[in-house]
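Structural overview
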Amino acid sequence: MTVIAVISMKGGVGKTTVTSNLSATLTRFGQRVLVIDLDPQNALRLHCGIPVHETGGIGRDTLQGVSWENLDFRSPGGVQVLPFGVVSDEECMVIERHLVEHPGWLGDNLANLGLDEDIVILLDTPPGPSVYLQQALSIADIVLVVLLTDAGSYAVLPATETLLKHYGAFRRGFLGSYYVLNQVDASRTLSRDVMEVVRHDLGARLMPFPIHRDEAVSESLAYQKPVLDYDRYAQASQDFEQFAKWLIQKLKDKTA
Ligand SMILES: Nc1ncnc2c1ncn2[C@@H]1O[C@H](COP(=O)(O)OP(=O)(O)OP(=O)(O)O)[C@@H](O)[C@H]1O
Ligand SMILES: [Mg+2]
């Protein structure tokens, strides 16, 4: 199995959007995918078309001390989904204390699921440093950092690099960290300028196909669908297809 963590130091940049749309597109290309929501906001389920009345998830199971085996959620497109679940603020603090005391929580729970070797696991994470991010980074084979083309995202690049070095650089089997530009608007000078600077700074670690800002992305969320199912000709649908193909190639290079 290959574990991919989707992260960012800033909130609202599109981590959950990238996780859900990438998982749907990879599934369309025949790749088996499991997505896991490591964010107590529990938003991934909406992006994946899980009915709102469902309250179960890994957070609830952790509170109850049971394994994740009985969580059986699937998006309409066939992506296996482990939501965080609905938890109160007090319960969230209990879960977070448990994670601090059990640094192997995520790895152990995944091992218990007995997943196939060829599955790709995408982890959605909360913004900024957190115990969930630590758990994700400590087992990730690949890290995808989502960035907007604005000054705020550019400003947090050094802090992101420090974090990635701490977790990934010296771990055996770590395949690399890559940056993904989201909500790119090529008609805006700032967007184009930041893209150029980031390309210069990151070189091959920048995913070469930016995800454009596209109304179809927000509209598709209103229908709880991936953008590919909402409008397959939308710019963002094509962007996610290129992104998925790029990632599949990276996975092939790994096994070659
Ligand atoms: N490429 C895009 N084009 C248009 N809108 C987008 C795009 N990507 C994300 N959005 C919108 O931006 C908003 C934030 O996206 P999302 O919730 O995925 O961010 P996030 O990084 O997961 O946020 P959080 O840090 O709170 O977890 C959503 O309304 C989403 O529909
Ligand atoms: Mg999110």
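Refer to the structure presented above.
Only a predicted model underlies this, so the values are computations on that prediction, with no experimental measurement involved.

**Observations regarding the sheet that holds strand S7 (residues 176–182)**
- Sheet architecture is open: seven strands sit in the order S3-S4-S2-S5-S1-S6-S7, paired in mixed fashion. Each having just a single partner strand, strand S3 (73–74) and S7 make up the two edges of the open sheet.
- Judged from the three bridges that link them, strand S2 (residues 33–37) and strand S4 (residues 80–82) form a sheet pairing that is parallel. Bridge assignment links Ile-36 to a residue of S4, and that residue is Leu-82.

**Comments concerning the nonpolar core**
- Among the nonpolar cores identified, the biggest contains 58 residues, and Ile-4, Ala-5, Leu-123, Ala-136 and Val-180 are the most heavily contacted of them.
- No other element matches strand S6 (residues 142–148), which puts seven residues into this core.
- Discounting chain neighbours no more than four positions away, the residues touching Ile-4 are Val-120, Ile-121, Leu-122, Leu-123, Ala-140, Asp-141, Ile-142 and Leu-144.

**Structural notes on the site of ligand 1**
- Around ligand 1 lies a shell of 21 residues, among which Gly-11, Gly-14, Lys-15, Thr-16 and Thr-17 are the nearest.
- Elements represented by at least two residues in the shell around ligand 1 include exactly helix H1 (15–28) and helix H10 (215–222).
- A per-class count over the shell around ligand 1 returns seven nonpolar, ten polar and four charged.

**Describing the pairing of strand S5 (residues 120–124)**
- Judged by how many residues are buried, S5 sits mostly within the fold: five of five residues are covered.
- What you see with S5 is no split at all: Val-120, Leu-122 and Asp-124 on one side and Ile-121 and Leu-123 on the other are buried throughout.
- Where S2 meets S5, five bridges bridge the pair, whose relative direction is parallel. In the strand pairing of S5, Asp-37 is matched with Asp-124.

Calculation rules
Residues numbered from 1 in each chain as written. Chains lettered and ligands numbered in written order. Predicted model: local features only at pLDDT ≥ 70, side-chain atom pairs only at ≥ 80, totals over all residues. Pairing = 2+ DSSP bridges. Helix = DSSP H or I, 4+ residues; strand = E, 2+ residues; numbered from the N terminus. Core = buried A, V, L, I, M, F, W, Y, C linked by C-beta atoms within 7 Å. Buried ≥ 20, exposed ≤ 12 C-beta atoms within 10 Å, placed from the backbone. Contact = placed C-beta atoms within 7 Å. Near = placed C-beta within 6 Å. Nonpolar A, V, L, I, M, F, W, Y, C, P; charged D, E, K, R; others polar.

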